[in-house]
Every structure is written in structure tokens, then in C-alpha cells.
Amino acid sequence: MAKAEVSSLPLFPFIGPDSNPFIPVKGSDLERLDGPVSKVRLALGGWAWLVTRHEDVRQVLRHPGFSSDQYRPGFPVLNPIPSKQEDASGLFIFMDGEAHSRFRRMLTAEFMIKNIRRIEPLIKETVDETLDRMQEIGSPVDLVSEFALPIPSMTICHLLGIPYSEREFFQDHSRTVMDRNSTPAEVDAAWGALGGLIAELISFKRNSPEDDLLSRLVIERVVPGELREDELVSLALFLLIAGHETTANQIVLSVLALLEHPETLDALREDPGLAPGVVEELLRYATIVRAGLPRQATEDIEIGGQQIRAGEGAVAMLSMANRDSSVFGDPEFFDPKRNEAHRHMAFGFGLHQCLGQPLARAELRVALVELARRFPGLRSRTTLADVPKHYMAVTFGLGELPVTW
């Protein structure tokens, strides 16, 4: 496509400092789209097809003719990614086929629902400790730093076997990796620093294994030669970053939604059994992957009546698919009793669907129920419009959420 044609396309992602956390695409941006499958100009260069309907998004994400390999020439990159290292291929989210399946199989059992249920007491203990600290600090507090971030950070540290004392180190560097404003050099430097920490831990656990995921992967995969140590470093880095940043953003957006609908907070306090349904609707309503999932066609494929040629990029817009009125009645409204909420695609779809979704659901459920129970007078100290947004992060979140009770 000619440069002049590309420059006339709508600039994507449709995210800015004035973005409403609960409106994935504002009306003025929707009006610039030609239809459910429409060309957009990418902020990091090039163009792609933006796919917005629920069924079309499902088709893109399950079709073997779409690649997830962001290192392919011409791939529609939406966020800075670390430089490709031929000797460190544990970033399986950027892989296709058997290469992707190889790493995923090593982790599947760890994140099965039955194993997550086994650690729910740990999640509850973590949530209780966090709420105790909030009570000690006293009103007001920032719910991001004192609640949303500590819960998934402490949980993923425990699962992986990373000392929680290192949390500030990995949170600071993770933020750099997940920031679309970061330069490639800054991403590489942050990735390298985190990799050094993980490599030291792997070396320690090889000699002194403990009851954690890193130790099990070292003993069961690295020692027998099934997994290289550098591959484990990349694999652990992905789990560390994805395991706390994404869930933290989902927790705080979920709390904000509930503060806008206090009757649901009251209902959770009275009946914690409502939590699973409420969580599914929150995942649909406050989808944190606002920029969507990028793919590249490896063959000519028709999506939603539009021919996408081999080599062209496509972006599966999860947040818009979760507002498709053909699937969700009155999709712009938050309905905690919505029967079809479970059809959301907040965790993606197909072979690359989020592996850690049982853990994220458990953390959300326990965190929201206990917060409602412990702080019945919880309320925001700012308006929805004034809440600072992390709009340049890979997953949409809030800079802070000051609350009182």
C-alpha cells in the first residue's frame, strides 16, 4: 500500500489519556472505520486489518493460517518487543505450531483448575495480608499500589519461587517492557536485567530445588535435557511479567467498575457465591487488552467477507468482540447476571488462549469478595473521568485509584 494511502487511514490503537476505561472505542473513532473488518494505520508503522466482530475474531485466532510470530518481516507489531535472540526461544507466545505447543505442554498441568484450587488458600492469605495493610495505613489509600498490584505479584512470586523482596526490581523493569513508549534499547535493557535475576535463581535451584515451578522445570526439564537453561529464562520471564501486570490491571478496573455499580459490591458482600458470574461479566466489560491481538496471514484467508492476503496483518480486537450485540444483549451495560458473559474473549481464543486464566479468575474472585466484605463503605475519591489511565501500557490499566471508606 502506498504511503499516502496508509497516512489517510485511522491511527491505531484508539487509546489516549482521555480514554474511558469502559468504552473500548469511542464513537468518533468508530465512525472512521469502513466496517467490521477495516484497514487501520499502526502507531509503530505499517497498516493492518482491524477485526471487530465476535465470530470474525474467533476465526482469526483459531485459523492455522494466521501467525503469532512477531519477528516475521511485516508483522503488525503493536508494542515494543525484545530483540530476537536465537539462543533464547522461551517466548512461546510469539511461536506457531509445534514450537508453541512444546512449551505450552510443559506448563499446562501447573495452571489446571485443580491445581489452582489447591493454592486458593495461599491466594486468600495474600489477599487478607494486603487488606490488613490497607487497614493499618488507613483511609485514603491508592488501590493500585496497595491492593491490585501486591496480590498477583505475591502470588506469581510464590508459584515461580522468586523472593518477594525482589518485587520492586521486577515491577519496575516489567513496566518498561510493557510500556509502548519504551524504546527497543530500553526494552532490551529491562529484559536483560530481569533475565539476569532469573538465571541466578535457576542456578541456585539446580543445586537446592524447592516446591515451586522454577525448581520443577529445572529438575524435570532442564536436567534431563528437554529444555535449555536459556529457554527456561525466557519462559520464566514471560510468566513473571504476564502473571502480575495483566491481573493487576484487571483487578483495579474491576474494582472501578464495581464502585460505579455499588449495588453489585453489596450483593457480593451478602452472597459470595455470586462472584464467578460477576467476574465473567467484569472480564467482558473491562477487557484490558484494548489494542487487540496481532496476527499475520500466511495464506489468503477470507474473514467477515474481506479477503486478507498472505503477508498482510490483522488485529483481533478482543474488547470490541466483547461488545458485539449479536452475542451480548445491551453490550454497553454492565450486567452481573448476564447469562452469556462466559462467551467473552478477554483471555483470547484458540491455541494461544491465555494459559493462566484459571489463576487470574481465582485471584479476581477472592480479591473482590474479600474487599467487599472488609470495606463495606469503600468509595472512590475521584471521578471516572479524572482517574489517571495507563493507556500506553500493553494492557490497559489505571495509574492510581485513590479510595476511602
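For the structure itself, consult the block above.
Since the structure is predicted, the reported quantities are computational estimates derived from the model, not experimental observations.

> Requested: an account of the overall build of the protein, with residues and values cited.
Helices and strands together make up the secondary structure of the protein, namely 16 helices and 13 strands. Here the C-alpha radius of gyration of the protein, 21 Å, is about what a compact globule of 405 residues would show, namely 22 Å. Along the three orthogonal principal directions, the C-alpha set of the protein runs to about 60 × 55 × 35 Å. In the protein, the share of contacts with a sequence separation of at least 24, taken over all contacts with a separation of at least 6, comes to 72%. Surface summary for the protein: the accessible area is close to 17300 Å², and the carbon and sulfur share equals 50%. Seen as two clouds, the 42 positive and the 57 negative side-chain charges of the protein have centres 3 Å apart.

> Mind laying out the packing of helix α14 (residues 275-285) against helix α16 (residues 357-374), listing which residues take part and the relevant values?
Following both chains from N to C, one finds α14 and α16 inclined at 115°, their axes separated by 10 Å at the closest point. In terms of axis orientation, α14 runs roughly perpendicular to α16. Between α14 and α16 lies a crossing of right-handed hand. Residues A275, P276, V279, E280, L282 and L283 of α14 pack against R361, L364, R365, L368 and V369 of α16.

> Please provide a residue-by-residue account of unusual backbone geometry, values included.
Following F12, the chain continues into P13 via a peptide bond in cis, with omega recorded as 10°. Structurally, P13 can be placed in the loop between β1 (11-12) and α2 (27-30). Of note, the bond from S139 into P140 is cis; its omega dihedral lies within 30 degrees of zero at 0°. Checked against the element boundaries, P140 lands in the loop between α6 (120-137) and β5 (141-142). Located in the positive-phi region is D330, a residue other than glycine, with phi close to 45°. Structurally, D330 is set in the loop between α15 (318-321) and α16.

> Tell me about helix α4 (residues 97-108), residues and numbers included.
With 12 residues, α4 ought to run about 16 Å at 1.5 Å a step, and its terminal C-alpha atoms sit 16 Å apart, in line with that. Residues H100, F103, R104, M106 and L107 constitute the buried set of α4. The buried side chains of α4 occupy one side of the element, clustering within an arc of 155° when seen end-on. Residues of α4 that are buried sit in contact with α11 (213-222) and α12 (229-260).

> Give me the pattern of salt bridges: which residues, what numbers.
Following the criterion strictly, the structure yields 26 salt bridges and no others. Residues E229 and R206 are paired through a salt bridge, measuring 2.9 Å at the closest nitrogen-oxygen approach. Placement of E229 in helix α12 and of R206 in helix α10 (residues 184-207) is noted, with a sequence separation of 23 residues between them. In this structure, D266 and R269 form a salt bridge, with 2.8 Å as the shortest nitrogen-oxygen distance. Here R269 and D266 lie together in helix α13 (residues 262-270), a separation of three residues that amounts to about one turn. D266 sits in the partly exposed class, given a relative accessible area of 37%. Several salt bridges converge on common partners, so that one network encompasses R102, R228, D230 and E231.

> Talk me through the environment of E370; I want residue IDs and the actual numbers.
Take E370: it is sitting in helix α16. Judged by relative accessible area, which is 8%, E370 ranks as buried. Here the alpha-carbon distance between E370 and L274, two residues 96 residues apart in the chain, equals 13 Å. Here E370 is in contact with K124, V127, D128 and L131, once residues within four sequence places are set aside.

The rules we used
Each chain has its residues counted from 1, running along the sequence as written. Only residues with pLDDT of at least 70 get local features here, since the model is predicted, and only at 80 or more are side-chain atom pairs given and counted; chain-wide, interface and lining totals rely on the full set of residues. The basis for every side-chain value is the complete set of heavy atoms in the structure, and neither hydrogens nor water enter the calculation. Per the convention used, a helix needs a DSSP run of H or I reaching at least four residues, while a strand needs a run of E reaching at least two, with both numbered from the N terminus. Radius of gyration here is computed from C-alpha atoms only, and the compact-globule reference equals 2.2 Å multiplied by the residue count raised to the power 0.38. Whether two residues are in contact is decided by their heavy atoms: any pair within 4.5 Å suffices. Note on areas: these come from Shrake-Rupley sampling with a 1.4 Å probe, and a residue is covered only by the protein chains present in the view. The charge count treats Lys and Arg as positive and Asp and Glu as negative. His and the chain ends do not count. For the purpose of locating charges, the reference atoms are NZ of Lys, CZ of Arg, CG of Asp and CD of Glu. All axes are obtained by fitting lines to C-alpha atoms, using only the stretch in contact for helices, and the reported angles, taken between N-to-C directions, cover 0 to 180 degrees. For this classification, under 35 degrees means roughly parallel, over 145 means roughly antiparallel, 65 to 115 means roughly perpendicular, and everything else is oblique. Crossing handedness is defined as follows: a turn of the near helix away from the far one that is anticlockwise and smaller than a right angle gives a left-handed crossing, while the clockwise case is right-handed. To estimate how far a helix should reach, multiply one less than its number of residues by 1.5 Å. Accessibility here uses a 1.4 Å probe with only protein chains present; expressed as a share of the type maximum, an area under 20% marks a residue as buried, one over 50% as exposed, and anything in between as partly exposed. The arc in question is the one spanned by the directions pointing from the helix axis to the C-beta atoms. Every case where a carboxyl oxygen of Asp or Glu lies within 4 Å of a side-chain nitrogen of Lys or Arg is listed as a salt bridge.

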